[in-house]
Amino acid sequence: MTGFETEFTPLQSLAGGVLIGLSAVLLMFFQGRVMGATGILSGLIAGTAPGDRGWRAAMVAGMIAGPLLVLTVSGQMPAVDVPVSWPMILIGGFVVGIGVTFGSGCTSGHGVCGNARLSPRSMVATVTFMIACGITVYVIRHVLGG
Amino acid sequence: MRLLSAFIVGMVFGTGIAISGMINPAKVLNFFDIAGTWDPSLIFVMGGALMTTFIGYRLVLRRDAPVIEETFQLPLARDIDARLIGGSAVFGLGWGIAGFCPGAAVPALGSGKWEVALFVAALLAGLWVARAIRDRQTGKGALA
């Protein structure tokens with residue numbers, strides 16, 4: 001399964017990245033927590049403490065509202081093109097859920113917040129999942145499917 | 001106050017994911033496809049996010065406490081062990097298979113595409129199963 005070209009968007013990507021960082025800073029400012037999608041979702045399904053689910057659900061609702069806000073302002077829904085088959089989506093989603101739980105975080109928790117705190121754990125985790133993802137994409141696109 | 005601030009934080013995050021292109025698996029997978037249809041955009045996402053968080057955390061953490069809670073709750077774990085590296089490698093494998101990471105998939109639900117809902121359902125199942133395994137191994141444990 002080979003990919004198709006996507007447009008190089010340095011300015012939008014930088015601006016979006018700044019907003020992602022801003023959200024992490026705001027969560028630290030308001031609630032004193034790191035912004036990790038893994039932790040938010042995991043706590044939402046498991047309920048770590050009484051009354052702990054409400055803000056997590058509110059945050060998930062806000063996340064989903066983000067692209068709808070972009071749609072409202074720009075008149076266009078940001079592209080979400082899924083170039084993989086449904087069994088791969090299913091397997092990939094389950095595998096991601098297992099991995100981020102044992103790895104204690106994902107691209108937001110380790111990749112953004114942990115690295116910004118200069119956490120050695122997060123640096124090791126980030127390098128590991130980036131390399132593993134790169135190898136996986138290479139094997140799927142150029143060894144198995146190419 | 002807590003619900004409202006959490007909603008706003010989520011919306012800023014989701015807007016960033018949407019504008020940056022992280023919301024689009026085709027773009028994310030192309031970032032990793034250096035040997036094929038490479039799209040380096042995500043370097044700029046990571047750069048912008050890291051720069052902002054690095055500076056912003058230093059300003060915020062000068063305060064004695066956050067606005068709503070009484071203390072800052074920073075992750076305390078320090079060990080670089082097989083669980084961290086193995087888990088992260090498995091995450092990278094899944095990310096490369098499907099093209100979504102958790103923080104990109106949740107905002108992508110806003111697109112209304114069934115593929116995203118399928119990914120998130122599988123992700124939640126994986127989180128639930130992994131938590132059950134981990135809690136049985138270690139007794140009850142908290143996630144950072």
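Let me begin by describing the structure that accompanies this report. (Residues numbered from 1 in each chain as written. Chains lettered and ligands numbered in written order. Predicted model: local features only at pLDDT ≥ 70, side-chain atom pairs only at ≥ 80, totals over all residues.)

**Some words on the packing of helix α2 (residues 37–46) of chain A against helix α6 (residues 114–138) of chain B**
Look at α2 of chain A against α6 of chain B: their axes get within 10 Å of each other, and the N-to-C directions meet at 70°. With respect to α6 of chain B, the element α2 of chain A is oriented roughly perpendicular. Taken together, the residues of α6 of chain B that come into contact with α2 of chain A (itself represented by L41, S42, I45 and A46 of chain A) are L124, L127, W128 and R131 of chain B. Of the residues in the contact of α2 of chain A with α6 of chain B, the class split is six nonpolar, one polar and one charged. (Axes fitted to C-alpha atoms, helices over the stretch in contact; angles between N-to-C directions. Helix = DSSP H or I, 4+ residues; strand = E, 2+ residues; numbered from the N terminus. Parallel < 35°, antiparallel > 145°, perpendicular 65-115°, else oblique. Contact = placed C-beta atoms within 7 Å. Nonpolar A, V, L, I, M, F, W, Y, C, P; charged D, E, K, R; others polar.)

**Description of the nonpolar core**
Counting residues in each nonpolar core, the largest one holds 85 residues, and the members touching the most others are A104, A105 and F119 of chain B. Considering every element that reaches this core, the biggest residue donor is helix α1 (residues 10–31) of chain A, with 11 residues. With residues up to four places along the chain from it excluded, the contact list for F119 of chain B reads I89, G92 and G93 of chain A together with A98, F100 and A105 of chain B. (Core = buried A, V, L, I, M, F, W, Y, C linked by C-beta atoms within 7 Å. Buried ≥ 20, exposed ≤ 12 C-beta atoms within 10 Å, placed from the backbone.)

**Quick word on the environment of I8 of chain B**
Positionally, I8 of chain B belongs in helix α1 (residues 2–20). In this structure, the C-alpha to C-alpha distance between I8 of chain B and G86 of chain B, residues 78 residues apart in sequence, is 34 Å.

**Focus on the interface of chain A and chain B**
In this complex, chain A contributes 109 residues to the contact, which on the side of chain B involves 109 residues. Taken together, the elements giving at least two residues each to the side of chain A that touches chain B come down to α1, α2, α3 (53–74), α4 (86–102), α5 (107–116) and α6 (120–144) of chain A. Top element by residues in the side of chain A that touches chain B is α1 of chain A. It accounts for 21 residues. Taken together, the residues of the side of chain A that touches chain B break down into 67 nonpolar, 36 polar and six charged.

**Some points on unusual backbone geometry**
Residue and element names in this part refer to chain A. For S104, which is not glycine, the phi dihedral falls at a positive 60°. C-beta crowding within 10 Å serves as the criterion here: with 25 such atoms nearby, S104 is assigned to the buried category. Despite not being glycine, L118 has its phi angle at roughly 60°, a positive value. Tracing the backbone through its elements, the reader meets L118 in the loop between α5 and α6. A count of 10 C-beta atoms within 10 Å places L118 in the exposed class.

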